[in-house]
Amino acid sequence: MCLPAALFLGNLPLRKTGEAPGRRLWHWGRAALELRQARRGSARIPLRGNPGSACTSKAPGKVSREPGSAATRVFLGSLKMTNKAAGSAGGTTSAQEQGKSPSLPQSSDSILQNLMERIQTLEETVGGMKEELKHHKDEIQGLNEKEQGLQVRIEQLENYSCRNNIKLLKVPEGAEGANLKSYVVSLIKSVCELEESNEEIEKDIQRVHRDPFTRRPNSTRPRKILVNFLTYHLKEKILTSALKQKSLRMENVTFEIRSDLSKITMDRQWELGKRLDEFKKLGVMAQLKFPAFLRIMHNNKMYNIREIDRADELLDVIRKEQADHV
């Protein structure tokens, strides 16, 4: 129950001792209705059964807005006292809030202590970030090493899958006629010294075809011919015999016979071939081994070099040694 209602109910007078509860409620309702009418500025309507409660007019045409019952006057007086008490309490609180003294500025020691704590926190954060960065660098280095190992593994698997293959380069388009297999056997037999007959070589060939990739419209370069053998030994005999000859020629057709290797291996083989010429110019014993690495003898030491950068470093060392001796 709110405070005005409590004051209202507590201060209502009783007309008679031992008055019935129904009569008391009638007085309360009458007082509440008069209060509402007084606030709205309307004339009070006399309640049925209590003709003495009619409003009194001070002037003709005007209605008095003062409540006519004692209960209503007591209720309004209590309400005013309550509002006044609440206002005085609020004023006291605001005065106390306004009377607060401003906080004093911090001393230089406390400011320095605060700065030192912040600097220490930043140093700890930076130290943790450095450790985390080092950990990430180690992980990246490990991943790079794994990637290089996987690339080498993929290259080896690709070359292994083509270990029984050879490819014929610079053979003109259409020179093979209708039977490509017989034409390839005749080319191999004409330039290679083999004990096997044409029929045996043809039986050992499992598949032969041109490169499936289409040529460019303006390109005059013929597609290569891929030959797959059933046995690895016959393929090695053909390659060994072809490498002994400087050029392969049959019926005005000059061609080349090479191993079928992956593009990465072929590119590295090409670059290592250039370094091989440089080593030979310096008088160093060097060989290009299959599939693509250099075997070098220098100062009674053997080097098997697969990386191009390492071959360049060894070339620089040998050149510097020869320059110092001169």
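All values derive from a computational prediction rather than experimental measurement.

The rules behind the values
Residues numbered from 1 in each chain as written. Predicted model: local features only at pLDDT ≥ 70, side-chain atom pairs only at ≥ 80, totals over all residues. Heavy atoms only, no water. Phe/Tyr/Trp six-rings, centres within 6.5 Å; stacked < 30°, edge-to-face > 60°. Lys NZ or Arg CZ within 6 Å of the ring centre and 35° of its normal. Helix = DSSP H or I, 4+ residues; strand = E, 2+ residues; numbered from the N terminus. Buried < 20%, exposed > 50% of the residue type's maximum accessible area, 1.4 Å probe, protein only. Polar contact = N/O pair within 3.5 Å; in protein donor to acceptor, adjacent residues only side chain to side chain. Contact = heavy atoms within 4.5 Å. Pairing = 2+ DSSP bridges. Axes fitted to C-alpha atoms, helices over the stretch in contact; angles between N-to-C directions. Salt bridge = Lys/Arg side-chain N within 4 Å of Asp/Glu carboxyl O.

1. Looking at the packing of aromatic side chains
Evaluated as defined, the whole model comprises zero aromatic pairs. Sitting over the face of the ring of Tyr 160, Arg 163 holds its NZ or CZ atom 4.0 Å from the ring centroid.

2. Structural notes on unusual backbone geometry
A positive phi angle is found at Lys 170, which is not glycine, with a value near 70°. Relative to the elements of secondary structure, Lys 170 occurs in the loop between β1 (165–169) and α5 (180–191). Lys 170 gets classed as exposed once you look at its relative accessible area, which sits at 52%. For Asn 300, which is not glycine, the phi dihedral falls at a positive 60°.

3. Quick notes on the side chain of His 298
Relative to the assigned elements, His 298 resides in strand β7 (residues 293–298). A relative accessible area of 13% means that His 298 is categorised as buried. Within the structure, His 298 has its side chain in polar contact with the side chain of Asn 299 (distance 3.1 Å). Apart from residues lying up to four places away in sequence, His 298 is in contact with Tyr 303, Ile 318 and Glu 321.

4. Some details on the sheet that holds β7
Sheet architecture is open: three strands sit in the order β6-β7-β8, paired in antiparallel fashion. With partners counted over all chains shown, the strands left at the sheet margins are β6 (285–289) and β8 (301–305), one partner each. Between one strand axis and the next, the sheet turns by 15° as a mean value, whatever way the strands run. Note that β6 and β7 share five bridges and pair antiparallel. Each bridged residue has a counterpart across the sheet, and for Met 285 the counterpart in β7 is Met 297. Lying on the sheet, helix α8 (residues 263–281) is in contact with β6, β7 and β8; it crosses β6 at an angle near 165°. Contacting β7 and β8, helix α9 (residues 308–325) crosses the sheet at an angle of about 145° to β8.

5. So, the environment of Asp 312
Relative to the elements of secondary structure, Asp 312 occurs in helix α9. A residue is classified by how much of its surface remains accessible, and Asp 312, at 25% relative accessible area, is partly exposed.

6. Examining the pattern of salt bridges
For the structure shown, the criterion picks out 14 salt bridges. With a closest N to O distance of 3.0 Å, Glu 155 and Arg 306 form a salt bridge. Taken as a pair, Glu 155 in helix α4 (residues 108–161) and Arg 306 in the loop between β8 and α9 lie far apart in primary sequence, 151 residues in all. With a relative accessible area of 7%, Glu 155 lands in the buried category. Across the salt bridge formed by Arg 319 and Glu 278, the nearest N and O atoms sit 3.1 Å from each other.

7. Here's the deal with the sheet that holds β1
The antiparallel open sheet is built from five strands, whose spatial order is β2-β3-β1-β5-β4. Two strands bound the open sheet, and with one partner strand each, they are β2 (205–210) and β4 (248–250). The sheet shows a mean angle of 25° between the axes of neighbouring strands, taken without regard to direction. Bridge count for β4 against strand β5 (residues 253–259) is three bridges, and the pairing is antiparallel. Following the sheet pairing, Leu 248 is matched in β5 by Phe 255.

Everything listed here is a matter of coordinates, which is why it stays silent on function.
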